[in-house]
Amino acid sequence: MTRLLLTGNAAAAWGARLAHADYVPAFPITPQTEIIDTLAGWIESGAMPGRLTMMESEHSMLTAACAAAAAGVRVFTATSSQGLLYAMEMVYAAPGLRNPFVLVNVSRGVQTPVTIQSDHTDVLAARDSGFLQLHCASCQEVADSVLLAYRLAERVRLPAIVNLDGFTLSFTREPVELPDAQEAARFLPPLAEAFGTTARPFSAGRSLAAGAAVLDSTAYTYFRYQSHLAAVAALQAWEEVSDTFAEQFGRRYDGVEAYRMDDAEYVFFLTGALAGKARGVVDRLRAAGCPAGLLRPRLLRPWPEAALRQWLRGRRAVMVVDQSLSMGKGGVLHGELASSLYGQPGAPLLLSFIGGLGGREIAAGELHEMATVARRAAEAGEAPPPRLLFTAGELRVVRKQQALAQVAEEEKR
Amino acid sequence: MYRIRFHGRGGQGMKTASRILGSALFLAGYEVQDAPHYGAERRGAPMHAVVRAARGPIQERGFVDRPDLVVVADEGLLAEAGAAILQGLDHHSLLLTVGREPAALWQDRLRLAGPVLALADAVIAAGERHFLGAFCAGAAARLLGVVALACLLQAVDDEVASFGEAAVARSRELAEAGWRGLEEHAGSVGEGSAAGASGQAPPDWIELQAEAGDLAAPSIHGGLSSIEVRTGLWRTQRPVIDYAHCRRCWWVCSEFCPDSAISVDADGTPTIDYAHCKGCLVCLAQCPAHAIRAVPERGASS
Amino acid sequence: MSETAFVRWRDLPRGRQLVGGAPMCAGCSGLEVLHQVLDVLGEKTVIINSAGCMSLLVSYPYSPLRGSWLYTAMASAAAGAQGMRDALDLRLAQGMPAEDDLQVMVLSGDGAAYGMGLSPASGAIERGLDFIYLVYDNEGYGNTGQQQSDATPHGAHTASCGSYRGWKKDLFAIWVAHRPAYAATLIGSEPLDLARKVDKAARLKGPRLLLALAPCPTGWDFDASATVEVGHLAVKTGIWPLKEYVDGRITHTKVPRERLPVEDYLVRQGRFRHLFEPRRDEARLGEVQAAVDAYWAELPGG
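## Examining the overall build of chain C
Okay, step 1: Looking only at helices and strands, chain C has ten helices and eight strands in total.
Okay, step 2: Taking 2.2 N^0.38 as the reference for a compact globule, 302 residues should give roughly 19 Å; the C-alpha atoms of chain C span a radius of gyration of 19 Å, in line with that estimate.
Okay, step 3: Oriented by its inertia axes, the alpha-carbon framework of chain C measures out at about 65 × 45 × 40 Å.
Okay, step 4: Within the span of chain C, comprising 302 residues, buried residues form 57% of the whole.
Okay, step 5: Considering only intrachain contacts with a sequence separation of at least 6, the fraction spanning at least 24 residues in chain C is 68%.

In structure tokens:
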């Protein structure tokens, strides 16, 4: 066991190395690139066995990942933002092939306009694809989640996305405890063993046609629903996977992180690295007499519905903080949680806050204000309309930029 | 918790500074977080890097809004872009400037509530500004007073190793020089407290209204607005035309300037637009009459 | 060549289409080439931009351009050019005055042009689209820290490979195989040759390639002031042949009389340092020289 200062990107690369990933199809994109640069350096020097192939696009990269996974090697790949969107045809195609691999997504806002800063709109665009999704809140969790994701993916035979926030995790160093290679190998036996056979698919003399077209709706429905059932089954599998991990490494990763939830009445609900700051705010709210808590789904797919219902029964209000935006609807997490709680006895009031778009810093003071708004709403018995985190000062900044862009003059013509 | 910001330009080693200080604090037994903050990664563009260190786990992330120590590796930045650098400085925060000017000048000019120290950078040659990071890290470590010199030097070895032995040797010298330069101020930076709930003013959130499509799209009308962007601030070397030797060929320096920052008048006399010249010195290298020389930027203005 | 407006140096345009303040690195040859090309084309140009270093050329609210610009995506700028040209043609048919028409020009890095952008470009050429396709080729994914692209030359060190074993794809030949209206290689260090080609391209209709080698101080690891000098060496060593294709014929526009050894060019760049240190890699250097020799030997009169 070694404790090192690592960025989230380096932690992801270490996860792949400790998982003995054989094959890395790659394509650079900020802020993910450090992952493939790190792996390329290790493979070049011989520190890590395996092969990295630089592809000409993310679409090709993911296609190569699907093919190599089908041919029975352990595959790792990574992308961000526009890269994930460009690969989206294959993101939707991969799960139905029922071959596991791990894709790390370093979250970054999507165009238009282009940004390189973080938000979760990219990864949530892959929400309905069939990929499992693990969302991380620290660099330690990134390294661990890659190992966990392989074991989970190989158990239910679906590919998995491990998501980390751009910049706040990807470029931030913090202490990470790395398991030694032997321990990691004990947790994650070779792929062939996980499949219970040493015979590899796609060998001479063993005919296999994978990914066949299915034109009749009956069989189509069957195959599509099988992927869904496998994703749902991953919830149960996660229990075993995370229990084993906790026993072996002493770090426990429940499907939903619950912080100071025992008697909490006002609950922050969010994903990713923002959890750190929110925990600090929960502590300070508690010190000031407000019974606050925090729930953070680590698993976004499968969605840990039963656990969420259980945790939230009888609470007064939930402050859902979305770092994404579904145009014409609102925060994605808010909609997800509302659908899980509708009609449930003792369901809390849900408040929707949308912030963190394009890396917009969510200030601690804003989290405090959310709790204040939630208390007022609980007293009134009615949730206010969704709130965009955007201040008068920020609008003044935009107005200045619009003046420079001469947009106002143009409007007058 | 200690919260530190290093401000400099891309290429001056501020990320390295944060990593050296982060590693040194980690070796000294602290929990640590360090991170660079930049938009596009361009040499010469202003950027900063942060370090947090505490005895327990660190929950905070992102921008350091209440720094205990701000190190400015390049005085020029302070003169031009002071606001961003001074953000969140209060009576307990220490500002360390690295350069030529005395602390009293900055204390007076910036009207800061907290202490200001200045560290002369005479030991760093014009051609080795990329080593500023090690120098700043050494200075910062001494100001915190909780890092032994051996930890600092070990951290330099760890963080600079990939740049080769010569870089490690020079970085060690400069880290130690920074460290020694602040001997009498050892330990003068203390840990800041966690921001209290009471100290948080409620945000002035507004309702954003739907606006006309042209206003609501990232479109720029009329063009040429980038003249507002002072890329001249990136410059560390200033090209100066010696008009006595300029042959008025008119085209060489102007044509090769990547930034269209050299204009010529009807006589073929070139003029450099210092607000936008990035100091690449392609003009100096190409001038057939050798009529352009380079002046270190700080000396150029005086 | 008789119809060219650019016979002598003094014929080069004096006015600049770009203003300063663009966020490219100091000494960027891509930006240099863009100003040289636009200075000839003039402001009646709409750039259809592909993702690459130049994604940031227009960063709200700042544009350095006198003319127009539309951002698309990494793969499909040529398809964006199709939509723009078709719409302008429709508007012309609907009565838009001819003087309001724009030259449609894709601006792409090598990552997109040699890689994922190739299929949409091929489609556009096949359809006979009336557009210019300007490539700033810095032989790697520069915006993410210079990983290997399909344009990376043999033996180059990149962020994703120690010493590239492949060979640079011949994009000029791929375009020529499509029988476009025009194709040319350019370099910023030869502005007269560049201006003549841009002028010729501007007078033609149909698909037109302008492929510029863009020495990159950041990605190739040389001092920013040497951008033009490295370009000169690329031409004098025969590494970057300056040529054009028009009316079914390829003509070399600048044939180095006595080619310098390729290592004169390679030794100037950090990305080839491993071919010289700690010991000379005679095999690799020989391979690169042999490839250049073979290219010129195949030419009539070579």
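## Here's the deal with the nonpolar core
Okay, step 1: Counting 298 residues, the largest nonpolar core has Val 146 and Met 319 of chain A together with Leu 210 of chain C as the members making the most contacts within it.
Okay, step 2: It is helix H7 (residues 139-156) of chain A that provides the largest number of residues to this core, a total of eleven residues.
Okay, step 3: Not counting residues within four places of it along the chain, the set of residues in contact with Met 319 of chain A comprises Tyr 266, Val 267, Phe 268, Phe 269, Leu 351, Phe 353, Met 370, Ala 371 and Ala 374 of chain A.

## Some remarks on the sheet that holds strand S4 (residues 76-79) of chain A
Paired through backbone hydrogen bonds, the strands of a sheet run either parallel or antiparallel to each other.
All names here are of chain A.
Okay, step 1: Read from one edge to the other, the open sheet built from five strands follows the order S4-S5-S7-S6-S12, with strand pairing classed as mixed. Bordering the open sheet on either side are S4 and strand S12 (299-301), each of which pairs with just one other strand. This sheet shows a mean twist of 25° between the axes of neighbouring strands, independent of strand direction.
Okay, step 2: As paired elements, strand S5 (residues 102-107) and strand S7 (residues 160-165) share six bridges and run parallel to each other. Its bridge partner lying in S7, Val 104 is registered against Val 162.

## Section: the interface of chain A and chain B
Okay, step 1: Contacts between chain A and chain B engage 41 residues on the former and 36 residues on the latter.
Okay, step 2: Elements represented by at least two residues in the side of chain A that touches chain B include exactly strand S8 (173-178), helix H11 (274-287), helix H14 (364-380), strand S15 (387-388), helix H15 (392-404) and helix H16 (407-412) of chain A.
Okay, step 3: The element that contributes the greatest number of residues to the side of chain A that touches chain B is H11 of chain A, accounting for seven residues.

## Let's talk about the environment of Leu 270 of chain A
Okay, step 1: Relative to the helices and strands, Leu 270 of chain A is located in the loop between strand S10 (266-269) and H11.
Okay, step 2: For the pair Leu 270 of chain A and Asp 322 of chain A, spaced 52 residues apart in the sequence, the C-alpha separation amounts to 6.5 Å.

## So, helix H1 (residues 29-41) of chain C
Okay, step 1: Helix length check: H1 of chain C (13 residues) gives 18 Å between terminal C-alpha atoms against 18 Å at 1.5 Å per residue, within 8%.
Okay, step 2: Positive backbone phi, approximately 85°, marks Gly 42 of chain C, located one or two places after H1 of chain C.

## Topic: the interface of chain C and chain B
Okay, step 1: Counting residues at the interface gives 36 residues for chain C and 34 residues for chain B.
Okay, step 2: Those elements that place two or more of their residues in the side of chain C that touches chain B are H1 and helix H8 (227-236) of chain C.
Okay, step 3: Of all the elements, H1 of chain C adds the most residues to the side of chain C that touches chain B, at four residues.
Okay, step 4: For the side of chain C that touches chain B, a count of residues per class yields 22 nonpolar, nine polar and five charged.

## Section: the pairing of strand S11 (residues 292-297) of chain A
All names here are of chain A.
Okay, step 1: Taking burial as the measure, the six residues of S11 include six buried ones, the bulk of the element.
Okay, step 2: Covered by surrounding structure in S11 are Ala 292, Leu 294 and Arg 296 together with Gly 293, Leu 295 and Pro 297, the residues of both alternating faces.
Okay, step 3: Pairing between S10 and S11: four bridges, direction parallel. Bridge pairing in S11 links Phe 268 to Leu 294.
Okay, step 4: As for the winding sense of the linkage, the β-α-β connection from S10 through H11 to S11 is right-handed.

## Here's the deal with the sheet that holds S15 of chain A
All names here are of chain A.
Okay, step 1: A sheet is described by the order of its strands in space; here six strands give the open sequence S9-S11-S10-S13-S14-S15, paired in mixed fashion. Edge positions in the sheet fall to strand S9 (256-259) and S15, since each has one partner strand and no second.
Okay, step 2: Taken together, the two bridges between strand S14 (residues 349-354) and S15 define a ladder with parallel strand orientation. The residue bridging Phe 353 from the neighbouring strand is Arg 387, located in S15.

## Some words on the domain arrangement of chain A
Residue and element names in this part refer to chain A.
Okay, step 1: Domains assigned within chain A are domain 1 (2-197 + 210-249) and domain 2 (256-394).
Okay, step 2: Its C-alpha centre places domain 1 at a distance of 27 Å from the equivalent point of domain 2.
Okay, step 3: Each partner contributes residues to the interface: domain 1 has 24 residues there, and domain 2 has 21 residues.
Okay, step 4: Looking at the side of domain 1 that touches domain 2 residue by residue, the classes come out as twelve nonpolar, nine polar and three charged.

## Description of the packing of helix H1 (residues 14-27) of chain B against helix H5 (residues 149-160) of chain B
Residues and elements named next belong to chain B.
Okay, step 1: In the contact formed by H1 and H5, the axes pass within 8 Å of each other and the chain directions differ by 130°. Relative to H5, H1 is oriented oblique. Seen from above, H1 lies across H5 with right-handed handedness. Along the contact surface, H1 presents Thr 16, Arg 19, Ile 20, Ser 23, Ala 24 and Leu 27, while H5 presents Cys 151, Leu 152, Gln 154, Ala 155, Val 156, Asp 158, Glu 159 and Val 160.
Okay, step 2: Its residues assigned to classes, the contact of H1 with H5 shows eight nonpolar, three polar and three charged.

## A few points about helix H4 (residues 118-126) of chain C
Residues and elements named next belong to chain C.
Okay, step 1: Along H4, the residues that are buried comprise Leu 118, Pro 120, Ala 121, Ala 124 and Ile 125. One side of H4 holds all its buried residues, which, seen down the axis, span an arc of 165°.
Okay, step 2: In this structure, the buried side of H4 is in contact with helix H2 (77-93), helix H3 (110-116), strand S4 (131-137), helix H5 (171-177) and strand S6 (207-213).
Okay, step 3: Trailing H4 by a residue or two, Gly 128 shows a phi angle of about 70°, which is positive.

## A short note on the packing of H1 of chain B against helix H4 (residues 132-144) of chain B
Residue and element names in this part refer to chain B.
Okay, step 1: Direction vectors running N to C along H1 and H4 enclose 40°, while the axes themselves pass 8 Å from each other. H4 is crossed by H1, and the crossing has right-handed handedness. Across from Met 14, Thr 16, Ala 17, Ile 20, Leu 21 and Ala 24 in H1, the residues of H4 making contact are Gly 133, Ala 134, Cys 136, Ala 137, Ala 140 and Ala 141.
Okay, step 2: In terms of residue class, the contact of H1 with H4 is made up of ten nonpolar, two polar and no charged.

## Comments concerning the pairing of S14 of chain A
All names here are of chain A.
Okay, step 1: Within S14, five of the six residues are buried, leaving the element largely enclosed by the surrounding structure.
Okay, step 2: When strand S13 (residues 317-322) meets S14, the two strands line up parallel, connected through six bridges. For Val 318, the partnering residue across the bridge sits in S14 and is Leu 350.
Okay, step 3: Handedness of the crossover joining S13 and S14 through helix H13 (residues 332-341): right-handed.
Okay, step 4: Note that the unit made of S14, H14 and S15 has a crossover that is left-handed.

Definitions and limits used
Residues numbered from 1 in each chain as written. Chains lettered and ligands numbered in written order. Predicted model: local features only at pLDDT ≥ 70, side-chain atom pairs only at ≥ 80, totals over all residues. Helix = DSSP H or I, 4+ residues; strand = E, 2+ residues; numbered from the N terminus. Rg over C-alpha atoms; globule rule 2.2 N^0.38 Å. Buried ≥ 20, exposed ≤ 12 C-beta atoms within 10 Å, placed from the backbone. Contact = placed C-beta atoms within 7 Å. Core = buried A, V, L, I, M, F, W, Y, C linked by C-beta atoms within 7 Å. Pairing = 2+ DSSP bridges. Axes fitted to C-alpha atoms, helices over the stretch in contact; angles between N-to-C directions. Expected span 1.5 Å × (residues − 1). Nonpolar A, V, L, I, M, F, W, Y, C, P; charged D, E, K, R; others polar. Right-handed = clockwise from strand over helix to strand, strands pointing away. Domains from an automatic or database assignment. Parallel < 35°, antiparallel > 145°, perpendicular 65-115°, else oblique. Left-handed = near helix turned anticlockwise from the far one by under 90°. Arc of directions from axis to C-beta.

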